[in-house]
Amino acid sequence: MNTTHDVAVIGAGIVGAAIARELSGHQLSVALLDARDDVGDGTSKANTAILHTGFDAKPGTLESAMVSRGYRLLSEYARHTGIPIEHTGAILVAWDNEQLDALPGLRDKAVANGYRHCEIIDAAEVYRQIPHLGPGALGGLTVPDESIICTWTVNLALATDAVHRGTTLLRGHRVESVDVGPEFTTLHTTAGPVTSRWVVNAAGLGADVVDARFGFERFTVTPRRGELIVYDKLARRLVDKIVLPVPTARGKGVLVSPTIYGNVMLGPTSEDLQDRTATGTSEAGFEFLLDKGHKLMPDLLAEEVTATYSGLRAAIDHGDYLVAPDAAQRYLLVGGIRSTGLTAGMAIAEHVVNELRSAGLDLVPKHELPEPPRMPNLGEAFIRPYQDADRIAADPAYGKIVCFCERVTAGELRDACRSPIPPADLDGLRRRTRVMNGRCQGFFCGAEVQEFLDATPTGAVHARTTHPEEIAL
Ligand SMILES: Cc1cc2nc3c(=O)[nH]c(=O)nc-3n(C[C@H](O)[C@H](O)[C@H](O)COP(=O)(O)OP(=O)(O)OC[C@H]3O[C@@H](n4cnc5c(N)ncnc54)[C@H](O)[C@@H]3O)c2cc1C
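Since the structure is predicted, the reported quantities are computational estimates derived from the model, not experimental observations. (Residues numbered from 1 in each chain as written. Predicted model: local features only at pLDDT ≥ 70, side-chain atom pairs only at ≥ 80, totals over all residues.)

**Observations regarding the overall build of the chain**
Point 1. Helix and strand counts for the chain come out as 13 helices and 23 strands.
Point 2. Relative to a compact globule of 473 residues, whose C-alpha radius of gyration would be 23 Å, the chain shows 22 Å and is just as compact.
Point 3. The principal-axis extent of the C-alpha atoms belonging to the chain is close to 65 × 55 × 40 Å.
Point 4. Counting over 473 residues, the chain shows a buried share of 51%. (Helix = DSSP H or I, 4+ residues; strand = E, 2+ residues; numbered from the N terminus. Rg over C-alpha atoms; globule rule 2.2 N^0.38 Å. Buried ≥ 20, exposed ≤ 12 C-beta atoms within 10 Å, placed from the backbone.)

Set out below in structure tokens:
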């Protein structure tokens, strides 16, 4: 196989996958590399999964523009691909007079960001819309278009689409060093060299390290951990919209939100760390969240906890996204996509392609593109295979439930293992199907689920290359 590409994209999170998809809409040979054995195994798998309107972004920033455009692009893409979204809306709650006084300014900020649908409501209306909210709220600001989405399906759809369009996916390829030549750059990876004319660095938490390989010392990534608690599905009756705090300089704060899988989540925390691999949860984090949760929604704390997790935001010492082309080295950095990259990813991809064009990359659109992939539905609000009598009649594997907590069928596990980008391990299978994500966390079905993976020749392969010509369209 030819390993000389026109563009190599480092990082197969949402941002890198979206960039590879956009680039491979053009007559280019594109490679998408990731250090890990799966796509979407970094920050993109562990966030709060809210499709943001961008109402609270800093007006005039690149982030503000990318979030509001990304909201529209991803909403539209979700319609074509079946990525589940629920337009729940959000209410930002003021708990003291200072926060109440901040609401008109936040509404004006939303307008400056191009979002005109926020309304200030009084405490009575807040409690009418969120009856289980804890006592003491003084008023609120509605954000009717904030939505919940499946972050895993977003990443997988973009990467699958990229591969269908011709991208070569190189998993298990950690870029360790770089040689920039007059015409080609060689990326020395843990699975051998990859050669490309242009390189896009979308390495998330590792973007500053890769940037340094190109001779720059312009920013440092600080992993900012966000821990979350996921409550049982029985808690879902308590809240049907996103309950937001008044944002602070450090971020969006702790929220209560329904999840697309039918649970309720509380979080995230915000803690700067040194260790870029510290995705564990902590006792201090839980205490902090339980304290916040007690004030926000005491009834929630009486519900069972299904799971806890944490993700690391790639915070940088720069007030905005850092997208910087370097024509001389045929290189482009995408850094600091801190807490809005799920929403903004597709818009960032458009922006990156325009920047590459200005920097000298020839971009000729392909005459024909395949249809976007139709993704399996993981959303609780939409019909799933076990509920679909016609589908079960046509293929009884969709009637055989393997994971009873999340109602995942043998047919879905089989499909995921045979998909264009099969899972590398059980966690990958979880993200593709919801299997083992429920109350028992795989205690009941874990062994049977592992058998599906073991029976899949491609299942546990490391350093796997997915060439587009392998895919039956
Ligand atoms: C707690 C939390 C809550 C959030 N909530 C939201 C939200 O509600 N809505 C929203 O829009 N956004 C949210 N975000 C932000 C969003 O998750 C991120 O902005 C987005 O996932 C970033 O995607 P990415 O592709 O840049 O990074 P990643 O998903 O981290 O992908 C980068 C990839 O690069 C790879 N890589 C790194 N170094 C190398 C190397 N040397 N060689 C090869 N590969 C490499 C990594 O393995 C990784 O897979 C949240 C983030 C967190 C942590």
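**Remarks on the environment of Arg439**
Point 1. Residue placement: Arg439 occurs in the loop between α12 (426–433) and α13 (446–454).
Point 2. When the 16 C-beta atoms within 10 Å are taken as the criterion, Arg439 is described as partly exposed.
Point 3. Sequence separation between Arg439 and Ala344 is 95 residues, and the spatial gap between their C-alpha atoms is 32 Å.
Point 4. With near-sequence residues (within four places) excluded, Arg439 lies in contact with Asp232, Thr306 and Cys405. (Contact = placed C-beta atoms within 7 Å.)

**Quick word on the site of the ligand**
Point 1. Near the ligand lie 39 residues; those nearest to it are Gly13, Gly42, Gly206, Gly226 and Gly341.
Point 2. Contributions of two or more residues to the shell around the ligand are made by α1 (14–23), β18 (305–316) and α9 (341–359).
Point 3. Of the residues assigned to the shell around the ligand, the class counts are 17 nonpolar, 17 polar and 5 charged.
Point 4. Both domain 1 (1–86 + 148–220 + 317–376) and domain 2 (90–144 + 223–313) contribute no fewer than three residues apiece to the shell around the ligand. (Near = placed C-beta within 6 Å. Nonpolar A, V, L, I, M, F, W, Y, C, P; charged D, E, K, R; others polar. Domains from an automatic or database assignment.)

**Quick word on the environment of Asp388**
Point 1. Relative to the assigned elements, Asp388 resides in the loop between α9 and α10 (389–394).
Point 2. Sequence separation between Asp388 and Tyr398 is 10 residues, and the spatial gap between their C-alpha atoms is 8.3 Å.
Point 3. Not counting chain neighbours up to four residues away, the residues in contact with Asp388 comprise Ile383 and Tyr398.

**Examining the UniProt feature "domain: BFD-like [2Fe-2S]-binding" (unreviewed entry) in the chain**
Point 1. When the UniProt feature table is mapped onto this chain, "domain: BFD-like [2Fe-2S]-binding" (unreviewed entry) is found at residues 401–454.
Point 2. Along residues 401–454 the backbone is 46% helical and 9% strand, and the end-to-end C-alpha distance reaches 19 Å. (UniProt positions renumbered as here; feature names shortened; annotations may be inferred.)

**Some remarks on the sheet that holds strand β8 (residues 147–149)**
Point 1. Reading across from one edge, β3-β8-β4 is the order of the 3 strands in this open sheet, with antiparallel pairing throughout. In this open sheet, the two strands that pair with only one neighbour each are β3 (50–51) and β4 (85–86).
Point 2. By the bridge criterion, 2 bridges tie β4 to β8 in an arrangement that is antiparallel. Bridged to Glu86 within β8 is Ile148. (Pairing = 2+ DSSP bridges.)

**Examining unusual backbone geometry**
Point 1. Cis geometry marks the peptide bond from Gly267 to Pro268; its omega dihedral reads -5°.
Point 2. Phi angles above zero are rare outside glycine, and Ala49 is one such case at about 55°.
Point 3. In this structure, Ala49 sits in the loop between β2 (30–33) and β3.
Point 4. Given 21 C-beta atoms within 10 Å, Ala49 falls into the buried group.
Point 5. In this structure, Met436 takes a positive phi of about 70° despite not being glycine.
Point 6. Looking at the element boundaries, Met436 is found in the loop between α12 and α13.
Point 7. Met436 gets classed as buried once you count the C-beta atoms within 10 Å, which come to 23.

**Here we look at the nonpolar core**
Point 1. Residues Val9, Leu32, Ala159 and Val243 are the most contacted members of the largest nonpolar core, which totals 114 residues.
Point 2. Here the element with the most residues in this core is α9; it accounts for 9 residues.
Point 3. Taken domain by domain, this core gets at least three of its residues from each of domain 1 (1–86 + 148–220 + 317–376) and domain 2 (90–144 + 223–313).
Point 4. Discounting chain neighbours no more than four positions away, the residues touching Val243 are Ile91, Val93, Ile130, Leu133, Leu255, Val256 and Leu296.
Point 5. In this structure, Ala416, Leu429, Met436 and Val449 belong to the second largest nonpolar core, which totals 15 residues. (Core = buried A, V, L, I, M, F, W, Y, C linked by C-beta atoms within 7 Å.)

**Focus on α12**
Point 1. Counting buried positions over the 8 residues of α12 gives 6, a clear majority of the element.
Point 2. Looking only at α12, the buried set comprises Gly428, Leu429, Arg430, Arg431, Arg432 and Thr433.
Point 3. Summarising the contacts, the buried residues of α12 are in contact with α5 (151–164), β22 (408–409), α11 (410–417) and α13.
Point 4. A positive phi of about 80° marks Arg434, the residue just after α12.

**So, the environment of Ala124**
Point 1. Structurally, the position occupied by Ala124 is in helix α4 (residues 123–129).
Point 2. Taking the C-alpha atoms as reference points, Ala124 and Leu138, 14 residues apart in sequence, are found 8.6 Å from one another.

**Describing helix α7 (residues 283–296)**
Counting along an α-helix, one turn takes 3.6 residues, and residues three or four places apart therefore face a common direction.
Point 1. For α7, spanning 14 residues, the distance from its first C-alpha to its last is 20 Å, which sits close to the expected 20 Å at 1.5 Å a residue.
Point 2. All of the buried residues along α7 are Gly285, Leu289, Gly293 and Leu296. All buried residues of α7 fall inside an arc of 60° around its axis, so they share one side. Away from its buried face by more than 90 degrees, α7 exposes Glu283, Ala284, Glu287, Asp291 and His294.
Point 3. On the buried face of α7, the contacting elements are β13 (221–231), β14 (242–244), β15 (255–258), β16 (264–267) and α8 (298–301). (Expected span 1.5 Å × (residues − 1). Arc of directions from axis to C-beta.)

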